[in-house]
Amino acid sequence: FAVHSADGSGRFPVDQVAGATAGALAGSQLEPGFVRYVTTGAAVPLGADAVVKVEDTKEVWEDDKLFIDISVKSKPGANIRQVGSDTAAGSLALRAGTLVGAGEIG
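Okay, so let's go over this structure. (Residues numbered from 1 in each chain as written. Predicted model: local features only at pLDDT ≥ 70, side-chain atom pairs only at ≥ 80, totals over all residues. Heavy atoms only, no water.)

A separate point is the nonpolar core. Phe1, Val3, Phe12, Val14, Val35, Ala50, Val52, Leu66, Ile68, Ile70 and Ala78 form the largest nonpolar core, which has eleven residues in total. Not counting residues up to four positions away in its chain, the partners in contact with Ile68 are Phe1, Gly10, Arg11, Phe12, Val14, Val35, Thr57, Lys58 and Glu59. Core analysis: the next-biggest nonpolar cluster, separate from the first, contains six residues, Ala2, Leu30, Ala48 and Val51 among them. (Core = buried A, V, L, I, M, F, W, Y, C linked by side-chain atoms within 4.5 Å. Buried < 20%, exposed > 50% of the residue type's maximum accessible area, 1.4 Å probe, protein only. Contact = heavy atoms within 4.5 Å.)

See below:
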């Protein structure tokens, strides 16, 4: 879940039930006090500065509204990798003739 690390642990409403998936645009701004589901490799929404692993959360439904209980405190940058951080500058990214698909594009 994309979060504002300053919000800490606790129960938070989900601002959008349909979250971001890998390859999709980040979408709208995430306001403080809310969380948004994002899959591994997805862009983090503007405003969010950390990602909490689903293993550290629990879904809670109250009055037909989805909330997420977050059991850990986060810090800025937690569980976020910058674009290109997995390939060092000057290293070989692909060999000549490699068929380029979604995995190679990132």
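We are not done yet, so read on.
With that out of the way, let us pick up the pattern of salt bridges. Where charged atoms of side chains with opposite charge meet at close range, the side chains can pair. Enumeration over the complete set of coordinates arrives at three salt bridges. We note a salt bridge from Arg11 to Glu62, for which the minimum N-O separation is 2.4 Å. Of this pair, Arg11 sits in strand β2 (residues 10–13) while Glu62 sits in strand β4 (residues 57–62); the two residues are 51 residues apart in sequence, bridging distant segments of the chain. We classify Arg11 as partly exposed; its relative accessible area is 41%. On the basis of relative accessible area, Glu62 is assigned to the partly exposed category, the value being 31%. Between Asp15 and Arg36 there is a salt bridge; the shortest N-O distance is 2.6 Å. Taken as a pair, Asp15 in the loop between β2 and β3 (50–51) and Arg36 in the loop between β2 and β3 lie far apart in primary sequence, 21 residues in all. (Salt bridge = Lys/Arg side-chain N within 4 Å of Asp/Glu carboxyl O. Helix = DSSP H or I, 4+ residues; strand = E, 2+ residues; numbered from the N terminus.)

With that out of the way, let us pick up empty space enclosed by the protein. In this approach a probe as big as a water molecule rolls over the atoms, and the regions it shows empty are the leftover space. With the rule as written, the count across this model stands at two cavities of 30 Å³ or more. One number sums up the size of the largest cavity: a volume of about 40 Å³. In terms of lining, the largest cavity is formed by Val3, His4, Ser5, Gly8, Val52, Ile70, Val72 and Ser74. Broken down by class, the residue content of the lining of the largest cavity amounts to four nonpolar, four polar and no charged. Of the volumes computed, that of the second largest cavity is approximately 30 Å³. Lining the second largest cavity, in full, are Val3, His4, Asp7, Gly8, Phe12, Phe34, Val35 and Ile70. Of the residues assigned to the lining of the second largest cavity, the class counts are five nonpolar, two polar and one charged. (1 Å grid on protein atoms, 1.4 Å probe; cavity = no way out; pocket = protein on both sides within 12 Å on 5 of 7 lines; lining within 4 Å. Points joined across faces, edges and corners; volume = space filled by probe spheres on them. Nonpolar A, V, L, I, M, F, W, Y, C, P; charged D, E, K, R; others polar.)

Taking strand neighbours across the sheet as the criterion, the three strands line up as β2-β5-β4 in an open arrangement whose pairing is antiparallel. Sheet topology places β2 and β4 at the edges, where each strand pairs with a single neighbour. Strand-to-strand, the axes of this sheet are offset by a mean angle of 30 degrees, without reference to chain direction. Two strands pair when backbone bridges link them, and β4 and strand β5 (residues 65–70) are joined in this way by six bridges, in the antiparallel orientation. In the sheet register, Trp61 faces β5, and the bridge partner there is Leu66. (Pairing = 2+ DSSP bridges. Axes fitted to C-alpha atoms, helices over the stretch in contact; angles between N-to-C directions.)

For the rest of this paragraph, the subject is the pairing of β5. By the bridge criterion, four bridges tie β2 to β5 in an arrangement that is antiparallel. Note on β5: the bridge partner recorded for Gly10 is Ile70.

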